[in-house]
Amino acid sequence: MQAIADWFKWLANAHGINVSIAYDAFDRTRFLTGLSTTVWLSVVCIVLSIFVGLVGAWFQGARSPLVRACVAAFVQFFRNTPPLVQLAFFYFAVSAALPMVTDPFGQKVPLVNNVGWAIISFSLFAGAFNIEIFRSGIEAVPSATTEAAEALGYTRVQSYVYVVLPLAFRICLPALGNNLVNLVKTTTLAYAIGVPELLYAAAQVWSEVLNVREMMVVLLITYIVIVAVLVGVMQRWERMLRIPGYNA
Amino acid sequence: MKPVANGSDLPVLLPIRLPALPASEFGDRLVAFFASRRAFVAIVVLAASSVAAAAAADAPMRPGIFETVLKWAPLIGTGFLFNLAISVASMMVGTLAGVLLGLGQISLLRPVRAISWVATQFFRNSPWLVLLFFAMFLLPFEIRIGGFVVSLPAWFKAIIGLALPVMANVAEIVRGGINSVPVGQWESAESLAFSRMQTLWRIILPQAVKRMIPPWMNLYAILTMATTLISVVGIQDAMTLTRGALVAEARTELYLPFYSLLLLYFFAYCYPIARLTQRLERRYAVKL
């Protein structure tokens, strides 16, 4: 470990390539904290957005026309407006309209903080895309399968949970993977409202150490590794869920 | 086969009498409505009326919310036009570079193919905002060509920064479009003594372009929405102007209508593109 740090220190002195996070404990901690925030934010948003997608797709198949219209409007709204403006809308506008609460120290603080709004905003944004993805997956399940489930006495919820979803999920996994990659990339927008995620941490480091070039390369590589891990997990999952002989 | 007599008293043999479903029919119409052009108008009207409703609740002393929004709408509109200009310029640069990169991915030369693939994956999988930072900070503020000093303004760097991910995505669209043409066409062209270039330009691309247009338009809508990112790196766009207007007015009750207005601008532009994309997708969904 020390040898690597020493080598990077030599690199900075001899060639001016200053990767400060490799030898400076303070910078490294900041960077790793940012990394863990990004990973945490991504995982929470992925889980919530899948939840939003599943519930939304279920409501989209509802009998009530009003419910379906609401889901359609929700999807169109989130798909056709910029995620950054959505985030600002939630963080500045909706937050201002909500009442303030008193924290344990007796100070007035907003009901939901910036991390909370980032999670809500990104989950709804990715969730809107997930609704469409799940819906297309559900539509791809042959109606004969649903009818067979109905004939076997499954209720609507049961056939949704035990028959339709397991098949639809396998069909839409590739599209879902793409959207989740997009979601991970979208978490950088949280920088704009001061969530201390990876980009924010990197910006702190480069504005103090003045090593924009090096940090930028580290940042890009880190994001690509995160995305590669996610893609790998999704592919593994796809293989795991594959039903031999059932080609969707 | 003889049809079952209706006079049968066996319930199983009676024709099924489905319960009338007026509600569901109405629902279908409503969903179709939302999927139609009218939904767009409805949402615009709805948003406008909500702003008007908020204005009604306003104190009589200060100018109403609705008037204030109207007062600032043209300024935010010019900012939005700037966003559109940036999006068009980035799309042009990104498309040009992306087509080259996409064709590079199907090159017969292994190194060209490898480099194109790596570049595509690299720029496709990094966050847009990080690439924008990348271009803003790492491009020089001026370049020397011979004796001339050409200064690179921030908006120019922003165009390049946004064009990088567009390039990678266009490359994927081009590669996907070309690969969607069956291999048999390449083989038949070869047997008719077409050269590789001729096959590509005269046979493959004319068919593939049709399939590339819907995803390309989709990408353009995504890019238009991504242009708001330039406000993060300090260029004055619709988002910055909205924030500036809010600071100037200094009234918290304006936050909701102002950001709604900004969302509305983008929705009014991107939603028609999305509808058109869907229609083209259906129209071009031909078997090759």
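Cut-offs and rules
Residues numbered from 1 in each chain as written. Chains lettered and ligands numbered in written order. Predicted model: local features only at pLDDT ≥ 70, side-chain atom pairs only at ≥ 80, totals over all residues. Contact = placed C-beta atoms within 7 Å. Helix = DSSP H or I, 4+ residues; strand = E, 2+ residues; numbered from the N terminus. Nonpolar A, V, L, I, M, F, W, Y, C, P; charged D, E, K, R; others polar. Expected span 1.5 Å × (residues − 1). Buried ≥ 20, exposed ≤ 12 C-beta atoms within 10 Å, placed from the backbone. Pairing = 2+ DSSP bridges. Axes fitted to C-alpha atoms, helices over the stretch in contact; angles between N-to-C directions. Parallel < 35°, antiparallel > 145°, perpendicular 65-115°, else oblique. Left-handed = near helix turned anticlockwise from the far one by under 90°. Core = buried A, V, L, I, M, F, W, Y, C linked by C-beta atoms within 7 Å. pLDDT = per-residue confidence, 0-100.

## Description of the interface of chain A and chain B
- On the side of chain B, 37 residues touch chain A, which itself brings 35 residues to the contact.
- Elements represented by at least two residues in the side of chain A that touches chain B include exactly helix H3 (65–79), helix H4 (83–97) and helix H9 (212–241) of chain A.
- A per-class count over the side of chain A that touches chain B returns 25 nonpolar, five polar and five charged.

## Considering helix H7 (residues 156–186) of chain A
- End to end, H7 of chain A covers just 35 Å across 31 residues, shorter than the expected 45 Å (1.5 Å per residue, more than 12% under).
- Those residues of H7 of chain A that fall on the buried side of the exposure criterion are Val164, Ala168, Arg170, Cys172, Leu176, Asn179, Leu180, Leu183, Val184, Lys185 and Thr186 of chain A.
- Packing partners of the buried residues in H7 of chain A comprise helix H2 (25–60), H4, helix H5 (114–140), helix H6 (143–151) and H9 of chain A together with helix H5 (128–138) of chain B.

## Things to note about the pairing of strand S1 (residues 142–145) of chain B
Residues and elements named next belong to chain B.
- As paired strands, S1 and strand S2 (residues 148–151) are joined by four bridges and run antiparallel to one another. The residue of S2 that forms the bridge with Ile145 is Phe148.
- Between S1 and S2, which pair antiparallel one after the other, the connecting turn spans two residues, and Gly146 there sits at a positive phi close to 60 degrees.

## Section: the packing of helix H3 (residues 65–105) of chain B against helix H6 (residues 154–179) of chain B
Residue and element names in this part refer to chain B.
- At a minimum axis separation of 6 Å, H3 and H6 run at an interaxial angle of 40 degrees. When the axes of H3 and H6 are compared, the pair comes out oblique. Considering only the axes of H3 and H6, their crossing is right-handed.

## Quick word on the nonpolar core
- In terms of nonpolar packing, the biggest core is built from 122 residues, with Leu129, Met167, Tyr259 and Leu262 of chain B touching the most fellow members.
- Those residues in contact with Tyr259 of chain B that sit more than four places away from it in its chain are Val85, Ala88, Phe89, Phe92 and Ala93 of chain A together with Thr242 of chain B.

## What about unusual backbone geometry?
- The phi dihedral of Leu210 of chain A falls on the positive side, at around 60 degrees, and the residue is not glycine.
- Within the element layout of this structure, Leu210 of chain A appears in the loop between helix H8 (198–209) and H9.
- Residue classification places Leu210 of chain A among the exposed residues on the basis of 11 C-beta atoms within 10 Å.
- You will see that Ala250 of chain B, though not glycine, has its phi angle at about 50 degrees, which is positive.
- Structurally, Ala250 of chain B is set in the loop between helix H9 (238–249) and helix H10 (255–284).

## Things to note about the environment of Asp27 of chain A
Residue and element names in this part refer to chain A.
- Tracing the sequence through the fold places Asp27 in helix H2.
- Note on Asp27: 22 C-beta atoms within 10 Å, which makes it buried.
- In the structure, Asp27 is positioned 174 residues away from Ala201 in sequence and 8.8 Å away in space, judged by C-alpha atoms.
- For Asp27, the contacting residues outside a window of four places in its chain are Ser20, Ile21, Val205 and Val209.

## Quick word on the confidence of the model for chain B
- Here chain B averages 83 in pLDDT, and 78% of its residues register 70 or above.
- This complex was scored by the predictor with a pTM of 0.81 and an ipTM of 0.86.

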